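Listed below are the residues making up each chain.
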Amino acid sequence: MNTTSAVLTGTGLFKSYGMTRALAGVDLDVMAGESMAVMGPSGSGKSTLLHCLAGIERPDSGEVLLEGKRIDQLREPARSELRRTAFGFVFQSGQLLPELPADENVALPLMLDGTARRAAVEQARQWFGPLGLQGLEDRRPGQLSGGQAQRVAIARALVGKPKVIFADEPTGALDQATGMDVIQLLTEVSRRQGAALVLVTHDANVARWCDRTVHVRDGRLAHAHSATDTGSESKAGYRR
């Protein structure tokens, strides 16, 4: 494993739930600025892998390192702080707070980390232009379309300048055209920010936007390929 250049590394990851083994010895490097899709059938262990890499769950054995420092043994308060400061998250449903306007939803990680509300909102609003959300700062999630809500979720994931962004089926609740717009935005903006992106998806069209795709089956990495290995199928075929 090339841990000296990897921003995030998983080594020998095992995880079981009762008698069900979700991970069975996974080794994985994620490089700074790289976008990596994780694919596999339902129950293959792909979401468990994301949760272990992100410090949401601890592996039963193995190690997770962020920039060479082990994080899987941290206690929950330290892992919670890590998730606020070093990681960003985009989920299928967006998980925006319905009672907050869009700008405060984006500012929430900053406020939870101690930034004053006014300064956090000002910083959050700087993302609305680049993400095509101008004029939507005061709207609540119920007043946003699905694509707009996911763009707000992307802004929230990026506002703290994370080292790694984790996205779990971020286009799963969107129609295909909107989903392609969102995934293009997510991969391009995270790359510009120098953040690594770990994206769980079942959709090969979504995975093609990433630099690399790894396939998980029965808790193991089955195989991997880069975007240049896709032959005649390219991202350009999915641009709108």
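Data block above holds the structure.
Since the structure is predicted, the reported quantities are computational estimates derived from the model, not experimental observations.

Attention now moves to the sheet that holds strand E5 (residues 69-70). Through backbone hydrogen bonds, the strands of a sheet pair up, either in parallel or in antiparallel fashion. Pairing within the open sheet is antiparallel, and its 4 strands lie in the order E2-E1-E4-E5. For this open sheet the edge positions go to strand E2 (20-31) and E5, each flanked by a neighbour on one side alone. Strand direction decides the pairing type here: strand E1 (residues 6-17) and E2, joined by 9 bridges, are antiparallel. Residue pairing in the sheet places Ser16 in a bridge with Arg21 of E2.

The buried fraction of strand E7 (residues 164-168) is high, at 5 of 5 residues. With burial as the criterion, each face of E7 is covered, one bearing Val164, Phe166 and Asp168 and the other bearing Ile165 and Ala167. Across 5 bridges, the pairing between strand E6 (residues 87-91) and E7 is parallel. Along E7, the bridge assignment pairs Val90 with Ala167.

With that settled, the discussion passes to the packing of aromatic side chains. Applying the stated criterion across every chain yields a total of 3 aromatic pairs. Ring centres of Phe87 and Phe166 lie 5.1 Å apart, and the angle between their planes is 90°; this geometry places the pair in the edge-to-face category. Placement of the pair is Phe87 in strand E6 and Phe166 in strand E7, with a sequence separation of 79 residues. Residue classification places Phe87 among the buried residues on the basis of a relative accessible area of 3%. Aromatic pair Phe89 and Phe91: ring centres 5.9 Å apart, planes at 5°, arrangement stacked. The class for Phe89 is buried, based on a relative accessible area of 14%.

This part covers helix H2 (residues 76-85). Listed in full, the buried residues belonging to H2 are Arg79, Leu82 and Arg83. Angular distribution of buried residues about the axis of H2 spans 100°; they occupy a single face of the element. Residues of H2 that are buried in the fold lie against strand E4 (61-66) and E6.

Below, the discussion takes up the environment of Val200. Structurally, Val200 is set in strand E8 (residues 196-200). Among all residues touching Val200, those that are not within four sequence positions of it are Val38, Lys46, Ser47, Leu50, Ala167, Asp168, Glu169 and Pro170.

What counts and how
Residues numbered from 1 in each chain as written. Predicted model: local features only at pLDDT ≥ 70, side-chain atom pairs only at ≥ 80, totals over all residues. Heavy atoms only, no water. Pairing = 2+ DSSP bridges. Helix = DSSP H or I, 4+ residues; strand = E, 2+ residues; numbered from the N terminus. Buried < 20%, exposed > 50% of the residue type's maximum accessible area, 1.4 Å probe, protein only. Phe/Tyr/Trp six-rings, centres within 6.5 Å; stacked < 30°, edge-to-face > 60°. Arc of directions from axis to C-beta. Contact = heavy atoms within 4.5 Å.

By themselves, these observations are geometric and do not establish any function.
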